[in-house]
Amino acid sequence: MFKILNKKNITKNVYIIKIQAPRVSRAILPGQFVIVRVDDKGERTPFPVCEFDGEQGTVSIVFKAIGNTANDLINLNVGDNIKDFVGPIGHASHLVDKIKELKNVLFVADDLGFARIYTEIYWLNKNNISSDAIISFDTNDELEFKDKISVVCRNLTEAKSDTADICEKLAEKLNSNTKYDMVVAVGSTEMMRQVTKITKEKNVDTIVSLTTLILDGTGMCGACRLTIGNEVKFVCQDGPEFDANLVDYDEVERRQKFYSSYEEKEKFRLENGKENEAATGLEVE
Ligand code: FES
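Described in the following lines is the structure provided in the data block. None of these values were measured; they are calculated from a predicted model.

Regarding the side chain of Gln32
Next up, step 1: In this fold, Gln32 is placed in the loop between α1 (22–27) and β3 (33–37).
Next up, step 2: Once residues within four sequence positions are removed from consideration, Gln32 is found in contact with Ala27, Val49, Pro88, Ile89, Gly90, His91 and Ala92.

Brief notes about helix α8 (residues 189–201)
Next up, step 1: With 13 residues, α8 should reach 18 Å at 1.5 Å per residue; the first-to-last C-alpha distance of 19 Å fits that figure.
Next up, step 2: Along α8, the positions that sit buried rather than exposed are Thr189, Met191, Met192, Arg193, Val195, Thr196, Ile198 and Thr199.
Next up, step 3: One or two residues past the end of α8 sits Asn203, with phi positive at roughly 60°.

A word on the pattern of salt bridges
Side chains that differ in charge, positive against negative, can pair when their charged atoms come close.
Next up, step 1: All chains considered together, the criterion is met by 12 salt bridges.
Next up, step 2: With its nearest N and O atoms 2.7 Å apart, the salt bridge here joins Asp84 to Arg37. Placement of Asp84 in strand β7 (residues 84–89) and of Arg37 in strand β3 is noted, with a sequence separation of 47 residues between them.
Next up, step 3: Using a relative accessible area of 23% as the deciding quantity, one classes Asp84 as partly exposed.
Next up, step 4: Salt-bridge contacts for Lys233 lead to Glu231; the nearest nitrogen and oxygen are separated by 3.4 Å.
Next up, step 5: With relative accessibility at 48%, the residue Glu231 sits in the partly exposed group.

About the cut-offs
- In every chain, residue numbers begin from 1 and rise along the written sequence.
- Per-residue local features are limited, in this predicted model, to residues with pLDDT of at least 70; the limit for side-chain atom pairs, both in listing and counting, is 80 or more; totals at the level of whole chains, interfaces and linings are taken over all residues.
- Working from all heavy atoms in the structure, the side-chain values ignore hydrogens and water.
- Runs of E in the DSSP output that reach at least two residues are strands. Runs of H or I that reach at least four are helices, and both are numbered from the N terminus.
- Only heavy atoms enter the contact rule, under which two residues are in contact if any of them lie within 4.5 Å.
- By this rule the span expected of a helix is its residue count minus one, scaled by 1.5 Å.
- Accessibility here uses a 1.4 Å probe with only protein chains present; expressed as a share of the type maximum, an area under 20% marks a residue as buried, one over 50% as exposed, and anything in between as partly exposed.
- By definition here, a salt bridge exists when the distance from a side-chain nitrogen of Lys or Arg to a carboxyl oxygen of Asp or Glu is within 4 Å.

Given below as structure tokens:
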């Protein structure tokens, strides 16, 4: 069992939960994620990690109040236990592999990306590598995270919550005197698609962190399958980070639509049961 040490509702529908998970906290690297099952009847659900501390034995996950597991987690209190907390899942960030080649890294984040990039900026800072970041924060409620990032990031540029503003600020950075060895984009698919176009023109190595439907997290079920370059890859095992120039963003969007349809099916099944399936035309497993 894994105890909840802290629970914060940092903005209207975004939560951060800190969990006592010593083994995961010591093994995990930036870019990896965890799979949570709240209780015996719960679903296995992947969550991004926004902080971990091997000495304290803690791991914090960030999520929106969408889906059954997220809502089950929100209903738990500090001191309650989670049945399964499995990880680390996935491949560590490309930053870990390329650490020796890096001096300056530029992060670009929207949506929940502001929390997801924190582990990477923190880790780079610990390894004496400078990071700048362009982040669109949705609300001032995320101020605490803004402060945390500012401590470990050399220069934090805030952008409006629209891709055009993010891209404008990215172009300014890439035209500045700072030479970036790598750009890391985390957040909405549209933002990552546009960032990739700009960095490709400027010939800057870029990695993106992808979110698709993840079920078993073992590379066996195929739910998270994507074509990266000409190869079939699994986000849960080979990702979630990939070379931005090899990503087929149309395919990523198609897989994400499948995800929302899955969520709708699950919601429908719980609320209505199988007998109402025919009335809606939804196929309920
Ligand atoms: S989640 Fe099943 S193969 Fe990745």
